[in-house]
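# Structural overview for review
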Amino acid sequence: MALSKIDTEMDQEKYLREVTRHFRGIEKPLKYGPVVENLSDLISALHSEFSTNYVNIEMVNHLMLSYKSNPKEWKKFAKFDRYKYTRNLVDAGNGKFNLMILCWGEGHGSTIHDHSDSHCFMKMLKGELMETRYSWPESTTAKDHLENLKEGEEFEYHDALQVLGKTTMGVNEVAYINDNLGLHRVENPSHSDTAVSLHLYCPPFDTCSMFEKTTGKRVQCNVTFWSKYGLKSENH
């Protein structure tokens, strides 16, 4: 019996989430992968990859690696805000992925956040970004330790989120993360230059969790778009 459209989409979503358990990203394009000439080619190739239940996530990674930044192609999607970084939707992927451009003013950065059990690919288009990766919160908090501290004992304080590593990304480099690999924060370290990055999320999500570094406090938040398809969204 043929699957309904809803069943088919759910099967692909379930498969993609399962893949996050072992996929860690690839550093170089695949030898047998197609060549991406421009942004339109990238979008078409992504739609093709997501057209069936089985998505070759290595090929998706390859496509993001293969695309070479061309400001003439993405400039119309790059919308900046004076006070914060912006998320600008380029393609909604028929509900199966979101491709977006993030614009980072001088010194702008994100909070520490997760990715709602999805795949996250981040490619630099302009400038540099620094990614800091963190462990998930420890099971006990500083408050717990202090409450259990015996008289005369000293408390050695540690952040609930431990730094796993820091990486600075340059133009055309790609980073990959999922929740199995930890949490991260992204920031533009420059106080004189802007930065632009291309992000692919699959499956797409409209909520994620933010974390406080010292306590591990977790807060769910909605994620929105500053613009869609080059046009400013109504809520901005």
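Residues numbered from 1 in each chain as written. Predicted model: local features only at pLDDT ≥ 70, side-chain atom pairs only at ≥ 80, totals over all residues. Heavy atoms only, no water.

### Notes on the pairing of strand β5 (residues 129-134)
Filter applied, for reference: Partly exposed describes any residue whose relative accessible area lies between the buried limit of under 20% and the exposed limit of over 50%, with all areas from a 1.4 Å probe on protein chains only and scaled to the type maximum. Each helix corresponds to a stretch of at least 4 residues labelled H or I by DSSP, and each strand to a stretch of at least 2 residues labelled E; elements are numbered beginning at the N terminus. Two strands qualify as a pair provided DSSP detects at least 2 bridges between them.
Judged by how many residues are buried, β5 sits mostly within the fold: six of six residues are covered. With burial as the criterion, each face of β5 is covered, one bearing L129, E131 and R133 and the other bearing M130, T132 and Y134. Judged from the six bridges that link them, β5 and strand β6 (residues 163-169) form a sheet pairing that is antiparallel. Within β6, the position partnered with T132 by the bridge is K166. Note that β5 and strand β8 (residues 183-187) share five bridges and pair antiparallel. Within β8, the residue paired with T132 across the bridge is R185.

### Comments concerning the UniProt feature "binding site: Fe cation" (unreviewed entry) in the protein
Where we set the bar: UniProt positions are given in the numbering used here, feature names are shortened, and annotations may be inferred rather than shown by experiment. Contacts are assigned to residue pairs with any non-hydrogen atoms lying within 4.5 Å of each other. Pairs of N or O atoms within 3.5 Å make up the polar contacts considered here, provided that, within protein, one atom can donate a hydrogen while the other can accept it, and that residues adjacent in sequence are counted only when both atoms are side-chain atoms.
UniProt records the feature "binding site: Fe cation" (unreviewed entry) for H113, H115 and H184 in the present numbering. Across 72 residues of sequence, these annotated residues stay compact in space, with a maximum C-alpha separation of 9.2 Å. Mapping H113 onto the fold places it in strand β3 (residues 112-113). Overall, the relative accessible area of 12% leaves H113 in the buried class. Setting aside residues up to four positions removed in sequence, H113 forms contacts with L183, H184, C208, S209, M210 and F211. For H113, the side chain forms a polar contact with the main-chain oxygen of T111, separated by 2.9 Å.

### Notes on unusual backbone geometry
Each neighbour pair has its own omega, and for C202 with P203 the value is -10°, a cis peptide bond. By secondary structure assignment, the location of P203 is in the loop between β9 (195-202) and β10 (207-211). Phi is positive for N94, which is not a glycine, with a value near 55°. Looking at where N94 falls in the secondary structure, it is placed in the loop between β1 (86-91) and β2 (98-104). Located in the positive-phi region is S116, a residue other than glycine, with phi close to 50°. With a relative accessible area of 23%, S116 lands in the partly exposed category.

### Points about helix α2 (residues 39-49)
Heads up, the condition is: What the arc measures is the spread of directions leading from the helix axis to the C-beta atoms.
Inspection of α2 places L39, L42, I43, A45 and L46 among the buried residues, and these make up the whole buried set. Angular distribution of buried residues about the axis of α2 spans 165°; they occupy a single face of the element. Buried residues in α2 make contact with α3 (57-66), α4 (71-74), β1, β2 and β9. The N-capping residue of α2, defined by a side-chain oxygen 3.2 Å from the backbone nitrogen of S40, is N38.

### Things to note about the side chain of S110
Among the structural elements, S110 can be located in the loop between β2 and β3. With relative accessibility at 5%, the residue S110 sits in the buried group. Excluding residues within four positions of it along the chain, S110 makes contact with Y85, W104, R185 and V186.

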